[in-house]
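# Structural description and commentary
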Amino acid sequence: MQSNGEGQGQDSELSCLNSAQNGESSSAVGTHSNGVLTSTNNGNSVGAGLGSGTCVASTSSGSEIGSMKKKKRLSQSEEDVIRLIGQHLDGLGLNQTVDLLMQESGCRLEHTSATKFRNHVMEGEWDKAENDLNELRALMHSPNAIVRMKFLLLQQKYLEYLEDGKVLEALQVLRGELTPLKYNTDRIHVLSGYLMCSHAEDLRAKTEWEGKGTNSRCRLLDKLQTYLPPSVMLPPRRLQTLLRQAVELQRDRCLYHNTKLDSSLDSVTLLLDHVCSRSATHSGKQFPCYTQQILTEHCNEVWFCKFSNDGTKLATGSKDTTVIIWQVDPESHQLKLLRTLEGHAYGVSYLAWSPDDTYLIACGPDDCSELWLWNVPTGELRTKMSQSHEDSLTSVAWNPDGKRFVTGGQRGQFYQCDLDGNLLDSWEGVRVQCLWCVGDGRTVLASDTHQRIRGYNFEDLTDRNIVQEDHPIMSFTVSKNGRLALLNVATQGVHLWDLQDRVLVRKYQGVTQGFYTIHSCFGGHNEDFIASGSEDHKVYIWHRRSELPIAELTGHTRTVNCVSWNPIIPGLMASASDDGTVRVWGPAPFLDTQEVDGLNENCSNMDS
């Protein structure tokens, strides 16, 4: 290993040396429960190594048996691991253990100049720390780094003087040391304003600084380290960072993972790889693949279902002319009928909750010229809108402000209205299949009969093409962040588009999609999953990154028209079917795998 102090005339070699014997040593070697190997001679411990593949120091009072192996230089990765372990142990306060590890391995935790620098910073000896920078200069890759590091040091020195009430000394640092650096003059102007702070609490509040002490100096060291090569000083908490990255990568690659991501290492075991296997999924790990409830209150085909934005209610619309509002029990996740909204003569084929879930708009099929706006808490009809008997109002979308909505249909109507149904704007000649309001509150996305999705701006009356397919777009929905669109395309299935880059990202396989209008959805934590109904009576679930389905849910006996994933409860999903039922899907009961497989014959999974 090359010295961290190249060109300094300091140690030219920092190799970790591994000494062992060819044969059995006369000394006894014991293994403790923590995995540390020790060699003893006459009962006295003389060395320790850290697990397999590391150095085990061994001594013998008698003549050695067998010839000694030549001392072996450890690889760079082995040296790195020793330094990472040493840093972690040092952070736990196990200083003697670190000293022994470094002594036995022949490694250095960090360059001697870096150690001096660290100590001087932590002790607040700023002049000495500044002198240390001259020693570190030759070890740094960027010539400008010294100025930046010096600025950070002097800034801390300045603030600590101010906190101690030493205004003259602070002023001298500002004028005589910081300003001559001619670096970050804007920040210097801000720092000069702190001279007006009347007391220490005022200073800490305005600077959002913790004040003089160990914590602020540790944060300063973390910033200073970024300018030093890791061979000189390791990045802070490097081992924890690497472990956290490994855990996050395993979770990201897991197709079934459906719980909130937790960056804390305390919530996982590091002794096993992260796996949400099919058996783990079936045993209740927040993945909805089990029919936990069948809602049979509708007496005809159920065309649409949608959970409210707060996840507490489900609205279902049917050919039987009714909308049913269901209450979700927060504990059991069972659904209970809350109220029925009647009078939709043509049936209900589309529903949209207002952003605050106060209102629900219901639309009918192609030959329906009316739209109903219901007050959900009271069950009262606020508005029944119809501009013309020639209209076809089959789709609707709420503006993010909750005060306006857009609606339209395939006969060329495209309206923007207020809550009383008053017409605010209209766009002529657009045959609308499906609508979505963008988060900016100005742009409306509309799929039309030309197999495309266009963006319409009602403020400046401009429009532009965003998505172009080769087959009719039967429906689409947009992710919460507005970046991705999920399309159900006639005879093609489910397609994922990136709206920002305007590219087709993925085509999902398995689903049967003809010319029925089927509504798919995003779901799960971080919207990692996609679910869609199908004309083969199944519900298909994919991980967003995988083209092959990870689950096929069976149980419906006719076309599944719509799937809605609860936006708050990641393990709850509903599907509406022409068989007249709504199935509520949840995690399988907490049983052993064989029992669950027997219970859950309606869920078949495929590895992708």
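No experiment lies behind these values; they were computed from the predicted model shown. (Residues numbered from 1 in each chain as written. Predicted model: local features only at pLDDT ≥ 70, side-chain atom pairs only at ≥ 80, totals over all residues. Heavy atoms only, no water.)

### Observations concerning helix 9 (residues 214-225)
The first and last C-alpha atoms of helix 9 sit 16 Å apart over 12 residues, in line with the 16 Å expected at 1.5 Å per residue. Turning to helix 9, its buried residues are S216, R217, L220, L221, L224 and Q225. On its buried face, helix 9 is in contact with helix 3 (112-122), helix 4 (126-136) and helix 5 (145-163). (Helix = DSSP H or I, 4+ residues; strand = E, 2+ residues; numbered from the N terminus. Expected span 1.5 Å × (residues − 1). Buried < 20%, exposed > 50% of the residue type's maximum accessible area, 1.4 Å probe, protein only. Contact = heavy atoms within 4.5 Å.)

### Focus on the sheet that holds strand 32 (residues 573-577)
Taken together, four strands build an open sheet; the order of strands is 6-33-32-31 and the sheet is antiparallel. A strand with exactly one partner marks an edge of an open sheet, and here the two such strands are strand 6 (290-295) and strand 31 (560-565). Neighbour-to-neighbour, the strand axes of this sheet turn through a mean angle of 20°, independent of strand direction. Of the strand pairs in this sheet, strand 32 and strand 33 (residues 582-586) are connected by four bridges, and their pairing is antiparallel. Bridge pairing in strand 33 links S575 to R583. (Pairing = 2+ DSSP bridges. Axes fitted to C-alpha atoms, helices over the stretch in contact; angles between N-to-C directions.)

### Remarks on the side chain of S105
Within the fold, S105 resides in helix 2 (residues 95-105). Taking the relative accessible area as the measure of exposure, S105 reaches 2% and is therefore buried. Engagement of the side chain of S105 in a polar contact is seen with the backbone oxygen of M102, the distance being 3.4 Å. For S105, the side chain forms a polar contact with the main-chain nitrogen of C107, separated by 3.2 Å. (Polar contact = N/O pair within 3.5 Å; in protein donor to acceptor, adjacent residues only side chain to side chain.)

### Topic: the pairing of strand 29 (residues 539-543)
The element strand 29 is largely enclosed, with a buried count of five among its five residues. Burial along strand 29 is two-sided: the residues V539, I541 and H543 and Y540 and W542 are all buried. Between strand 28 (residues 529-532) and strand 29, which pair antiparallel and follow one another directly, the connecting turn spans six residues, one of which, H537, has a positive phi of 80°. Both strand 29 and strand 30 (residues 551-553) contribute to a ladder of three bridges, which runs antiparallel. Its bridge partner being in strand 30, V539 is matched across the sheet by L553.

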